[in-house]
Amino acid sequence: MRRVVAILTDFGTKDGFVGAMKGVILSINPEVQLVDISHEVEPFNVLEGALLLKAHFKYFPKGTIFLCVVDPGVGSERLPVVIEGGGYFFVGPMNGIFDLAIKDTRCKPKAHRIENFTLPRVNQTFHGRDVFAPAAGWLSRGVPLEKVGSPVEYSFSLNWVEPEDRGEEIWGRVLYFDRFGNCITNIPCGEYSVAYFRGQELPVISYFLKGERGKPALLCGSFGFMELVVPLGNAREVLKVSLGEVVGVKKL
Amino acid sequence: MRRVVAILTDFGTKDGFVGAMKGVILSINPEVQLVDISHEVEPFNVLEGALLLKAHFKYFPKGTIFLCVVDPGVGSERLPVVIEGGGYFFVGPMNGIFDLAIKDTRCKPKAHRIENFTLPRVNQTFHGRDVFAPAAGWLSRGVPLEKVGSPVEYSFSLNWVEPEDRGEEIWGRVLYFDRFGNCITNIPCGEYSVAYFRGQELPVISYFLKGERGKPALLCGSFGFMELVVPLGNAREVLKVSLGEVVGVKKL
Amino acid sequence: MRRVVAILTDFGTKDGFVGAMKGVILSINPEVQLVDISHEVEPFNVLEGALLLKAHFKYFPKGTIFLCVVDPGVGSERLPVVIEGGGYFFVGPMNGIFDLAIKDTRCKPKAHRIENFTLPRVNQTFHGRDVFAPAAGWLSRGVPLEKVGSPVEYSFSLNWVEPEDRGEEIWGRVLYFDRFGNCITNIPCGEYSVAYFRGQELPVISYFLKGERGKPALLCGSFGFMELVVPLGNAREVLKVSLGEVVGVKKL
């Protein structure tokens, strides 16, 4: 069965950990399509992982299995789960990493604890390889959730703050910086007339080159959130933006 | 159809942008072979992207689709195109990124503007995912250029300087540093007796260990250009080479 | 034939060298499954490459071809080889990079010098693409070692030091730091009661959260060696550990 397994971790790309996970998956399903989303999530930063998954998952074909391991609690009592929701599958620790994507599917997720298929003599430090990769491999072969383990209630646990809706305005915060220095906020894309940042009004633009070169502006970015940008510049560096800084928008 | 889509961008590997592009392609063609060339082109550095594409494209099987997105003008009026040339396909912005590879094919390229297949509600900031990836996906399924959009004239626009041929000598410049600190010039590989750098003569060697350990030399590198190297050392660091520095060779 | 080719190099991911190798392999076998183990081995550090291969190879399906190129002697007289051992194949320079994996297979390896299938007009600086990738590609199509070249004796040449077994204790050294700052030693996983580091006793724990947060400990890590760790911390940074530092364990 030629399903996609898309992998998101904080493992980095040097140590070969992701390669070992892929080896395990290919041992189970030689026909799988393996795709990397990112392995450079900041170590143990579950919010960052959740944000990247939410940004990208809906561009994958239905049936894709998202294998996501950002897992500060590896080996502790957080539940290892497989989840079905919105036509997608999710495999990893139930620590909030799937919360934003699951919300976006607007479906009630069906979750099962991973009890079967784990590698024999599981090394307690690498559940990505020994617990989660086998589960993803078997799901990619069409094995139903029921065979992986017993049903559990999905519980949302991400440390996530919605932006504040003040009627005519929405106020949010900078959550993430991308490679280009764009500052992704938690304000969803929408129709806004103007933005506020550090007591100043900034234009809301439809794309980079609509803005004036070098002048800060807000636009709807590829994460599905409003982003503070500097056209042809690096907003993070130019403005010395910090994580958590406050940004506002006025509704149209 | 099991075609290869080889991807070259300046998107980095952290933000998941390349993953989203792959998701789009796999939604169109589950059988595709996806290969990364590089995603660490310096942001907006079209010359660097063009150089990496030229260095490597001819090692891919005929029919490969090169999806190349280094696009400072995203959302502006540079043309989004699909190109056929030398048995290969190229997809991306017509901003010079394909120029060196197209020249190497010694074929007249056939270019079509991308007008069809784009994702609905295109986010103006991410043409890689919404415009270029779908075009690459459909080409990989064997769709002809004509179906993607109307024909346009290919125009060369890269800021590229040929080395200076002074009869017995060729004088060029350092264009790029690779991971090992080798300094790639714009002087094509050829038969040379000796090299000139900062007023000194350097030997031209056939491979690294032909050189004296630690002694600068010139050799024909894997980009198809002459490279300034220090055998078992890092030429860039040892010699403190700058981009644009002048290098000469004497013809045999 | 849908075999896996798993690639391990010190080429980095920016310059596109690995992409060119994959292009060569796909030109030979369009059906291959390509997997990256790591391309961020420290340049020319054969020990690091050997360690990563040993850590991960056994998680890949039998028949996998490991294409490993960390090759300070590129173009010199070290032998380019294909190897069969323990149901796996290995392709690269016979410079020690395969030693630890081969030892782990506990099989006598069968090695053949690469004499055939190399790309015409081989560039002396890039054997990864011109010599090793074609050999891996043909092996992935089921071509037997005999067709690649004549048999040679496998010789171990890695600069590897076994830990010292003093009866009740084993004394080893820190060999490698992973992304999380865990300090991988050369002491094999086993049953130990207590660890010694810088004159102090450290607990031996079964997994991270068994340790006290922030307190150094030893555990059996995912490389199959004992690792010096700081639960939920970065041992390398917290303790300022150096490569080669001495660690001991007491047998149970």
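Below is a summary of the structure that appears in this document. (Residues numbered from 1 in each chain as written. Chains lettered and ligands numbered in written order. Predicted model: local features only at pLDDT ≥ 70, side-chain atom pairs only at ≥ 80, totals over all residues.)

Focus: the overall build of chain A
The line we're drawing: Elements are defined by DSSP. Helices are runs of H or I of four residues or more, strands are runs of E of two residues or more, and each kind is numbered from the N terminus. All radius of gyration figures rest on C-alpha atoms, and the globule criterion is 2.2 Å times the number of residues raised to 0.38. With C-beta atoms placed from the backbone, the exposure class of a residue follows from how many other C-beta atoms lie within 10 Å of its own: 20 or more, buried; 12 or fewer, exposed; in between, partly exposed. Here the contact rule is simple: place C-beta atoms from the backbone, and any two residues whose C-beta atoms are within 7 Å are in contact.
Check the secondary structure of chain A and you find 6 helices and 15 strands. For chain A, whose C-alpha radius of gyration is 20 Å, the value lies close to the compact-globule estimate of 18 Å for 252 residues. Per-residue burial for chain A yields a buried fraction of 57% across its 252 residues. Taking the contacts inside chain A whose residues are at least 6 apart along the sequence as the reference set, 68% of them involve residues at least 24 apart.

Focus: the interface of chain B and chain C
Rule in force here: Throughout, the ten residues Ala, Val, Leu, Ile, Met, Phe, Trp, Tyr, Cys and Pro are labelled nonpolar, Asp, Glu, Lys and Arg are labelled charged, and all others, Gly among them, are labelled polar.
Across the boundary between the two partners, chain B contributes 27 residues, which contact 26 residues of chain C. No other element matches strand S2 (residues 33-38) of chain B, which puts 5 residues into the side of chain B that touches chain C. Among the residues forming the side of chain B that touches chain C, the class breakdown is 16 nonpolar, 6 polar and 5 charged.

Re the interface of chain A and chain C
Facing the 26 residues of chain A at the interface are 27 residues of chain C. Among the elements that line the side of chain A that touches chain C, the one with the most residues is helix H1 (residues 17-28) of chain A, at 8 residues. Within the side of chain A that touches chain C, the residues separate by chemical class into 10 nonpolar, 12 polar and 4 charged.

Topic: the environment of Ile114 of chain C
All names here are of chain C. Among the structural elements, Ile114 can be located in the loop between strand S6 (110-113) and helix H4 (127-140). Taking the C-alpha atoms as reference points, Ile114 and Met226, separated by 112 residues in sequence, lie 36 Å from one another. In contact with Ile114, other than residues within four places in its own chain, are Pro80, Val81, Val82, Val131, Ala135, Val148 and Gly149.

Overview of helix H2 (residues 46-56) of chain C
With 11 of 11 residues buried, H2 of chain C lies mostly within the body of the structure. For H2 of chain C, the complete set of buried residues consists of Val46, Leu47, Glu48, Gly49, Ala50, Leu51, Leu52, Leu53, Lys54, Ala55 and His56 of chain C.

Side note on the relation of the copies chain B and chain C
Applicable threshold: Residues below a pLDDT of 70 in either copy are left out; the C-alpha atoms of the rest, at least 70 in both, set the least-squares superposition of the copies.
In screw terms, the move from chain B to chain C is a rotation of 120° and a rise of 0.0 Å along the axis, fitting with an RMSD of 0.0 Å. Look at the turn and shift together and you get a three-fold axis relating the two. Scanning chain B for the C-alpha nearest the rotation axis identifies Gln33 of chain B, at a separation of 5.0 Å.

With respect to the environment of Ala101 of chain A
Residues and elements named next belong to chain A. Take Ala101: it is sitting in helix H3 (residues 99-105). The buried category is assigned to Ala101, around which 25 C-beta atoms lie within 10 Å. Sequence separation of Ala101 and His56 is 45 residues, and the distance between their C-alpha atoms is 9.0 Å.

Focus on the packing of helix H1 (residues 17-28) of chain B against helix H4 (residues 127-140) of chain B
All names here are of chain B. Applicable threshold: Where helices are involved, their axes are fitted lines through C-alpha atoms of the stretch in contact, as for all axes, and angles between N-to-C directions lie from 0 to 180°. Every angle not falling under 35 degrees, over 145, or within 65 to 115 is termed oblique; those three ranges are roughly parallel, roughly antiparallel and roughly perpendicular. Each crossing is labelled by how the near helix is turned from the far one, with a counterclockwise turn of less than a right angle marking it left-handed and a clockwise turn marking it right-handed.
The geometry of H1 relative to H4 is characterised by a closest axis approach of 8 Å and an angle of 40° between their N-to-C directions. By the angle between their directions, the pair H1 and H4 is classed as oblique. Considering the relative orientation of H1 and H4, their crossing is right-handed. Between H1, through Phe17, Ala20, Met21, Val24, Ile25 and Ile28, and H4, the contact on the second element is made entirely by Gly128, Arg129, Ala133, Pro134, Ala136, Gly137, Trp138 and Ser140.

A word on the sheet that holds strand S7 (residues 151-152) of chain B
All names here are of chain B. Put simply, the test is: Note on pairing: DSSP must find at least two bridges between two strands before they are called paired.
The 7 strands are arranged S2-S1-S3-S5-S4-S6-S7 in an open sheet whose pairing can be described as mixed. The two strands at the open ends of the sheet, each matched to only one other strand, are S2 and S7. Where strand S1 (residues 4-9) lies against S2, 5 bridges are found, and the strand directions are parallel. Across the sheet, the residue bridging to Leu8 is Ser38, located in S2. Helix-sheet contacts for H1 involve S1 and S2, and the interaxial angle to S1 is about 155°.

Some words on the sheet that holds strand S1 (residues 4-9) of chain C
Spatial strand order, S2-S1-S3-S5-S4-S6-S7 (chain C): 7 strands in an open sheet with mixed pairing. What marks the edges here is a single partner per strand, and that holds for strand S2 (33-38) and strand S7 (151-152) of chain C. Bridge count for strand S4 (residues 80-85) of chain C against strand S5 (residues 88-93) of chain C is 6 bridges, and the pairing is antiparallel. Residue pairing in the sheet places Val81 of chain C in a bridge with Gly92 of chain C of S5 of chain C. Across the sheet, H1 of chain A is in contact with S1 and S2 of chain C; its angle to S2 of chain C comes to roughly 150°. Its contacts with the sheet put H4 of chain C on S1, strand S3 (65-69), S4 and S5 of chain C, and the angle it makes with S3 of chain C is roughly 175°.

Read these as spatial facts, not as claims about activity.
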